[in-house]
Protein chains: 2
Amino acid sequence: MHPSIIEGIIEFERRYYRKFMLRTHTCGELRIEHIDKKVKLCGWVQTVRDIGPFVFVDLRDRYGITQIRVAIKDSFDTNTENYTEDFKSKKKELLNKLGREYVLQIEGIVEKRTESNPNLDTGEIEIIPNSIDDIIVLNKSEVPPFKIEDNTDGGDELRMKYRYLDLRRNVVRENLMLRHKMAKATRQYLDDQNFIEVETPVLIKSTPEGARDFVVPSRMNEGQFYALPQSPQTFKQLLMVSGFDRYYQIVKCFRDEDLRADRQPEFTQIDCEMSFIEQEDILNTFEGLVHHLFKTVKGIEITSLPRMTYADAMKFYGSDKPDTRFEMKFVELTDIVKNKGFQVFDSAELVVGICAKGASEYTRKQLDELTDFVKRPQIGAKGLVYVQCKTDGTFKSSVDKFYSQEDLKAWATAMNAEAGDLLLVLSGDEHKTRKQLNELRLEMGTRLGLRDKNTFSCLWVLDFPLLEFDEEQNRWFAMHHPFTSPKPEDLHYLETGDLGKIRANAYDMVINGVEVGGGSIRIFDKTLQAKMFEILGFTAEQAEAQFGFLMNAFKYGAPPHGGIAFGFDRLCSLFGGADSIRDFIAFPKNNSGRDVMIDSPSEISEEQLKELSILVNMKK
Amino acid sequence: MHPSIIEGIIEFERRYYRKFMLRTHTCGELRIEHIDKKVKLCGWVQTVRDIGPFVFVDLRDRYGITQIRVAIKDSFDTNTENYTEDFKSKKKELLNKLGREYVLQIEGIVEKRTESNPNLDTGEIEIIPNSIDDIIVLNKSEVPPFKIEDNTDGGDELRMKYRYLDLRRNVVRENLMLRHKMAKATRQYLDDQNFIEVETPVLIKSTPEGARDFVVPSRMNEGQFYALPQSPQTFKQLLMVSGFDRYYQIVKCFRDEDLRADRQPEFTQIDCEMSFIEQEDILNTFEGLVHHLFKTVKGIEITSLPRMTYADAMKFYGSDKPDTRFEMKFVELTDIVKNKGFQVFDSAELVVGICAKGASEYTRKQLDELTDFVKRPQIGAKGLVYVQCKTDGTFKSSVDKFYSQEDLKAWATAMNAEAGDLLLVLSGDEHKTRKQLNELRLEMGTRLGLRDKNTFSCLWVLDFPLLEFDEEQNRWFAMHHPFTSPKPEDLHYLETGDLGKIRANAYDMVINGVEVGGGSIRIFDKTLQAKMFEILGFTAEQAEAQFGFLMNAFKYGAPPHGGIAFGFDRLCSLFGGADSIRDFIAFPKNNSGRDVMIDSPSEISEEQLKELSILVNMKK
């Protein structure tokens, strides 16, 4: 090793170690009352302004920005022509220390600024170092690949590759600070409610029900695999059997799904379970949590959460997660539009519309856009019928040929429309049409500015169906999961075989059209649990192999219990007013499940494969 | 499906749903001031005592035990001969509801007990149900495979298989409650110190340095693997580069090591990192954490933590994690024992002893036991020399043949021994002898009752060597990890090549002879970091492939930083006064890395293997 490198290292280390205390204050801390104090700050060079005899530095750390004013002592001459060589060389020495993102330690006196900066918490003061020597470069920086500013010039890929630099940006740091606050407030609330945090294992067992598992080959148990948990579901139920009574955990979960935008292979849940409760107790407890979060993190008082059945949510919003920041409920028109010669409506199973308040003056172009919107393949409507309720009391519609003013007035009345409103009507197969109208409703909400990210509308959706029939696989699936209990008053459908009519003791919390949490009252009777597995197509042997431990546990006095899990990443992004969860995760993965910063996943050595008794078997 | 089964299920569900509120109080809550209140409790049948016309039930939940007294109304006759048929059938009906571990809901009136039980928080009251019908069986239980009591009859394997029942036992539940309190107090302290909790990823990248990784095949990136983190080391350093300044996380980590007793493949760390600090700042901050934990969780005030260099720890205790609950320091006798004709000592590199206070009257048998102890293969000493310092001022030793009373007195003086003490001396190769004497010292501490589990002695061990040379592999290894910084004053050894003499800015926290935490000030200079990888035998390409992202990050203004990680499972077991960490983990694995309760790891389907592009390749 070359001696000069060692000297370089020694010099570097001495720079850091030569002073004992690295800082006396943070860059967000100093105020008018600190004036005349000698302070030491550490941080990164945000900006440098070179103004004649002065150089101004904005020094940044996690806590804020503080202005440093360095005066080159020999000259206060504002005329650059008059600068001495000595001055020029000193300035050069100084500017050499002030590269973008250099890490500095600065000692100086706090002074009042002549003009304060109201945008900065420290805007009333600045720091005056005694000399250039009071500015120590703790570390240099190459020029970053993108600007460390709120509006950066870095694209997504670049920002992800240099995520450690992206995290320096205020916006991203504040997102993670918000996440920290959310976790803290969640724990505070649940601790106060006597919940116990219990860590459940990460190396568990693969189960075929649900999404695909990530698996982990076991070296010590040849040919066998652990799986990473999709949720701690069975463990939290076992904790209830153990009598833990109230459990929670903020916990990583894993799903090996094809990643759509904004899905991550690892994600975080607020996972909770309670014993000796009924649905009402869960709803109240977690209404309390959401109330507490909004209050402590956002300073917002949420009034009591409305409740809506799944049936009503589908009927009035065409979605089990309605965005209730705005009304615009579905109104069924099937009965009043038939038999007027309009074949499309006459043959439709369902005709249903929404009333867009104040949108009657939409232009032809705007209306065409809406038609194009619903006809997009992702939505798949065949067309759109509109009725403009003109301010003069007349109606103009795309189906004037078939419907008289009288007819259209009847529609308007049914839809509670007033002069100035726009009616938008879809028709067709009942299920599909509702889904399509849901998309159109959301689009209209956006267009009319009714979906403000800083307005929050929360509700419970209740009484989900227990089972869904999958036509392709010709079998029943659990809508929530196989441990969800049916409503006792619907249990007779087990006898009649109308399985689709059985409602579950299941509930979702929906905020602004996003399902942020969901849960259920669980089955705690071993016979019913076995029956559920049978309905879901498990043989007794399969049920035993996969969930034997749970069914076994139910033999020894399982208490009535239920719980809920919140998607923590999603909840944070919602509180942060963002669409994407990615910037609320410190080190997210991209849509191929890759961490482009650490370049993972990656190949492993032959030796590792051999130890694990596996081979790579490329599909090619 | 047989109708009777459905009826059974319906009946079961109705039992639970027929009353709205499941309980008004917990089983640990009722006191004298609740007398005459009508209450509803839920819990498990702990014990049943059938005493003539009364049946007493101890009902248990997480919060405590409450006594239920059921009187069979028709008869208060104490003479069993006089019981009517009606009475007998009612009693039978009652006892049928009271199986061991049955889950009950009981409604009744709180009454004052005639004789209170001072061992129970609820010992002054009991609950009187109005009739047998006020006792509802929420769920039955088979007879558990072992007793749900503090001293259970269940062996380890059985308890692990039925862990959900084991967790019902007070002792195990209290361990997990302690763990919850520890986590809560840790977060409270670190939150107050401005640390931000940041979740780092679980699916990361395999690195060959350190222990074996668990790996996760990536379905979407064929032939590639994620690894589970052995610690979030590099991520927390990146967070410092990002300016997060103070980070913490209570986080699962994974190591695929051959499991010794009390090692778990997944374990939990309190993981912390700070920027703009020096070693002193870290020591103070985490001294504060330990102080806070002892105070809030155990109600113990720990005085300021003593500090000991690694060199002193090895010199005086033969261990880098000395148990300082008792003194019994090593005293070197090499110089004063030589040249008296005792070949063993004359040829020894080191002769070193301990003074066991008050043990001079050890019997021949006890002394033989100690000799056998040090000669065990795990310890490997050739023999043990003892000197009994008799109360009459004489000395009796196992080497009287070679050493005069005068000689032995000199030993005693050197070792600060008094009449009544026992000197125990080992000799041989320096390194091995110290290790052997460490074991003997701990054994003597145990024998003399100096290692009370409810006494806590904490210290910092400082100034660890940076590197260790591995003779077998003929290369240097990082004693802590490759990111640990050397002491600047030792950096010149890089030039002389005396790498073993370089001390690190590394520190361990030791409590009662257990290393509960360790950390270091990190390298933050890219040149030095590259040099460290070179010393550790990485080629530039390997370093780039494994840690390129970190070295890259260091180009962009890395701040001085350092951190620490505590073994949370171990810390909890220490606070709980237990030797094993297993009972402080809700669902631990056994020594083969198996979870015997869920029977994991297990085989996965051919389809899963195919999707993951891997094959099982048994070594056979």
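Everything discussed here concerns the structure shown above.
Counting restarts for each chain: residues are numbered from 1 in the order of the written sequence. Labels are handed out in written order, letters beginning with A for the chains and numbers beginning with 1 for the ligands. For a predicted model such as this one, the threshold for reporting local features is a pLDDT of at least 70, and the threshold for listing and counting side-chain atom pairs is 80 or more; totals across whole chains, interfaces and linings nevertheless cover every residue. As a rule here, side-chain values come from all non-hydrogen atoms in the structure, and water together with hydrogens is ignored.

**Overview of the sheet that holds strand β12 (residues 307-309) of chain B**
Residue and element names in this part refer to chain B.
Part 1: An order of β7-β10-β11-β23-β22-β21-β18-β12 is seen for the eight strands of this open sheet, with the pairing classed as mixed. Edge positions in the sheet fall to β7 (196-197) and β12, since each of these pairs with one other strand and no more.
Part 2: Should any heavy atoms of two residues lie within 4.5 Å, those residues are considered in contact. Angles shown run from 0 to 180 degrees and are taken between the N-to-C directions of axes, each axis being a line fitted to C-alpha atoms and, for helices, limited to the stretch in contact. By definition, any uninterrupted DSSP run of H or I lasting at least four residues is a helix, any uninterrupted run of E lasting at least two residues is a strand, and each is numbered from the N terminus. Against the sheet, helix α6 (residues 233-241) makes contact with β10 (246-254), β11 (266-275) and β23 (561-567), and its axis sits at roughly 20° relative to β11, the strand it touches most.
Part 3: Against the sheet, helix α7 (residues 279-298) makes contact with β11, β12, β18 (458-462), β21 (506-511), β22 (514-521) and β23, and its axis sits at roughly 20° relative to β21, the strand it touches most. Criterion used throughout: strands pair if DSSP finds at least two bridges between them.

**Remarks on the sheet that holds strand β14 (residues 350-356) of chain B**
Part 1: Reading across from one edge, β13-β14-β17-β15-β16 (chain B) is the order of the five strands in this open sheet, with antiparallel pairing throughout. The open sheet terminates on both sides in strands that have one partner only, identified here as β13 (331-332) and β16 (395-397) of chain B.

**A word on the nonpolar core**
Part 1: Here, the term nonpolar core denotes a set of buried Ala, Val, Leu, Ile, Met, Phe, Trp, Tyr and Cys residues that are joined through side-chain atoms within 4.5 Å. Here's how the labels work: a residue is buried when its accessible area is under 20% of the maximum for its type, exposed when over 50%, partly exposed in between, all with a 1.4 Å probe on protein chains only. Core analysis: the largest hydrophobic core is formed by 59 residues, its most contacted members being A:Tyr164, A:Phe587, A:Met597, B:Val198, B:Leu238 and B:Leu239.
Part 2: A per-element tally of this core places helix α16 (residues 540-553) of chain B first, with six residues.
Part 3: With residues near it in sequence (within four places) discarded, A:Phe587 still touches A:Arg163, A:Leu167, A:Asp595, A:Met597, B:Pro201, B:Phe235, B:Leu238 and B:Leu239.
Part 4: The next biggest cluster of nonpolar side chains, apart from the first, holds 58 residues, and it includes A:Phe235, A:Met314, A:Ile502 and B:Phe587.

**Description of the interface of chain B and chain A**
Part 1: Contacts between chain B and chain A engage 151 residues on the former and 151 residues on the latter.
Part 2: Overall, the association of chain B and chain A removes approximately 13,800 Å² of surface from exposure, summing both partners, and the carbon and sulfur fraction of that is 60%.
Part 3: Broken down residue by residue, the surface that chain B buries against chain A is led by B:Glu199, B:Phe276 and B:Tyr556, which jointly contribute 6%.
Part 4: We count a salt bridge whenever a side-chain nitrogen from Lys or Arg sits within 4 Å of a carboxyl oxygen from Asp or Glu. One can count twelve salt bridges joining chain B with chain A.
Part 5: Close ionic contact of A:Glu199 with B:Arg179 constitutes a salt bridge, the shortest N to O distance being 2.7 Å.
Part 6: Polar contacts, as used here, are pairs of N or O atoms within 3.5 Å; protein pairs need one atom able to donate a hydrogen and one able to accept it. Residues neighboring in sequence count only if both atoms are side-chain atoms. At the junction of chain B with chain A, the criterion picks out 69 residue pairs in polar contact (both at pLDDT 80 or more).
Part 7: For the side of chain B that touches chain A, the element with the highest residue contribution is helix α5 (residues 170-192) of chain B, accounting for nine residues.
Part 8: Three categories are distinguished: nonpolar for Ala, Val, Leu, Ile, Met, Phe, Trp, Tyr, Cys and Pro, charged for Asp, Glu, Lys and Arg, and polar for the others, with Gly belonging to the last. Of the residues belonging to the side of chain B that touches chain A, the class tally is 79 nonpolar, 29 polar and 43 charged. Summed over both partners, the accessible area lost on bringing two parts together, with a 1.4 Å probe, is the buried area.

**Quick word on a negative patch on the surface**
Part 1: Where like charges cluster on the molecular surface, the negative patch consists of A:Glu149, A:Asp150, A:Asp153 and A:Glu174.
Part 2: Following the sequence through the fold, A:Asp153 ends up in the loop between β6 (135-139) and α3 (156-161). Nonpolar side chains (Val, Leu, Ile, Met, Phe, Trp, Tyr) within 5 Å and like charges within 9 Å form the patches, drawn only from residues with over 30% relative accessible area and no salt bridge. Surface exposure here means Shrake-Rupley accessible area, sampled with a 1.4 Å probe, where a residue is shielded only by the protein chains that are shown. When charges are counted, Lys and Arg are positive and Asp and Glu negative, with His and the chain ends excluded. Charge positions come from single atoms, namely NZ of Lys, CZ of Arg, CG of Asp or CD of Glu.

**Thoughts on the packing of helix α15 (residues 526-535) of chain A against helix α16 (residues 540-553) of chain A**
The relative placement of two packed helices is expressed as an angle between their axes plus a distance between the axes.
All names here are of chain A.
Part 1: Direction vectors running N to C along α15 and α16 enclose 160°, while the axes themselves pass 12 Å from each other. By the angle between their directions, the pair α15 and α16 is classed as roughly antiparallel. In the packing of α15 onto α16, the handedness of the crossing is right-handed. When α15 is examined against α16, the residues Lys526, Gln529, Ala530 and Phe533 are found in contact with a partner set consisting of Ala543, Phe547 and Met551.
Part 2: The residue makeup of the contact of α15 with α16, split by class, is five nonpolar, one polar and one charged. Orientation is classified from the angle alone, with under 35 degrees giving roughly parallel, over 145 giving roughly antiparallel, 65 to 115 giving roughly perpendicular, and any other angle giving oblique. Left-handed describes a crossing whose near helix is turned anticlockwise from the far helix through less than a right angle; right-handed describes the clockwise counterpart.

**Thoughts on the pattern of salt bridges**
Side chains that differ in sign of charge can pair as their charged atoms come close.
Residue and element names in this part refer to chain A.
Part 1: Under the counting rule described, the total for this entry stands at 106 salt bridges over all chains.
Part 2: Linking Arg163 and Asp166 is a salt bridge whose minimum nitrogen-to-oxygen distance equals 2.9 Å. Taken as a pair, Arg163 and Asp166 lie in helix α4 (residues 163-166) at a separation of three residues, close to a single helical turn.
Part 3: For Arg163, a relative accessible area of 1% gives the class buried.
Part 4: According to the relative accessible area criterion, Asp166 is buried, its value standing at 0%.
Part 5: Between Glu273 and Arg522 there is a salt bridge, with its nearest N and O atoms 2.7 Å apart. Here Glu273 is found in strand β11 (residues 266-275), whereas its partner Arg522 is found in the loop between β22 (514-521) and α15, with 249 residues between them in sequence. Note on accessibility: Glu273 and Arg522 belong to one class, buried.
Part 6: It is possible to trace a salt-bridge network through shared partners that takes in Asp156, Arg159, Arg163, Asp166, Arg169 and Asp583.

**Here's the deal with helix α11 (residues 364-375) of chain A**
Part 1: Take the residue count of a helix, subtract one, and multiply by 1.5 Å to get its expected span. With twelve residues, α11(A) ought to run about 16 Å at 1.5 Å a step, and its terminal C-alpha atoms sit 16 Å apart, in line with that.
Part 2: Buried residues belonging to α11(A) abut β15 (385-389), β17 (422-428) and α13 (430-447) of chain A.

**Points about the packing of helix α5 (residues 170-192) of chain A against helix α17 (residues 568-575) of chain A**
All names here are of chain A.
Part 1: For the pair α5 and α17, interaxial distance at closest approach is 10 Å and the crossing angle is 115°. Both α5 and α17 take part in a crossing whose hand is right-handed. Mapping the contact onto sequence places Leu178, Arg179, Met182 and Ala183 in α5 and Phe568, Asp569, Leu571, Cys572 and Phe575 in α17.
Part 2: Classifying every residue of the contact of α5 with α17 gives seven nonpolar, no polar and two charged.

**Examining the relation of the copies chain B and chain A**
Part 1: Here the copies are matched by least squares. The fit uses the C-alpha atoms of residues with pLDDT of at least 70 in both. For the match of chain B to chain A, the screw axis carries a shift of 0.0 Å, the RMSD comes to 0.1 Å, and the turn is 180°. The superposition of one copy onto the other is thereby described by a two-fold rotation axis.
Part 2: Of all interface residues in chain B, 100% are interface residues in chain A too; the two copies therefore contact each other through one and the same surface.

**What about the packing of aromatic side chains?**
Part 1: Classification of ring pairs uses Phe, Tyr and Trp, with its six-membered ring standing for Trp, and accepts pairs whose centres are within 6.5 Å; under 30 degrees between planes counts as stacked, over 60 as edge-to-face, and the remaining range as tilted. Applying the stated criterion across every chain yields a total of 50 aromatic pairs over all chains.
Part 2: Plain terms: the ring middles of A:Phe342 and A:Tyr403 are 6.3 Å apart, the flat faces sit at 80° to each other, and that makes the pair edge-to-face. Highlighted residues: A:Phe342 in the loop between α9 (334-337) and α10 (343-346) and A:Tyr403 in the loop between β16 (395-397) and α12 (405-414), separated in sequence by 61 residues. Neither A:Phe342 nor A:Tyr403 differs from the other in exposure class; each is buried.
Part 3: With 4.3 Å between their ring centres and 25° between their planes, B:Phe294 and B:Phe575 make a pair best called stacked. Of this pair, B:Phe294 sits in helix α7 while B:Phe575 sits in helix α17 (residues 568-575), placing them 281 residues apart in sequence. For the pair B:Phe294 and B:Phe575, a shared accessibility class is recorded, and that class is buried.
Part 4: Chaining the aromatic ring pairs together yields one cluster made of A:Phe342, A:Phe345, A:Phe402, A:Tyr403 and A:Trp411.
Part 5: Sitting over a ring, as applied to charges here, requires NZ of Lys or CZ of Arg to be within 6 Å of the ring centre and within 35 degrees of the ring normal. Directly above the aromatic system of A:Phe477 lies the positively charged group of A:Arg475, at a separation of 3.7 Å from the ring centroid.

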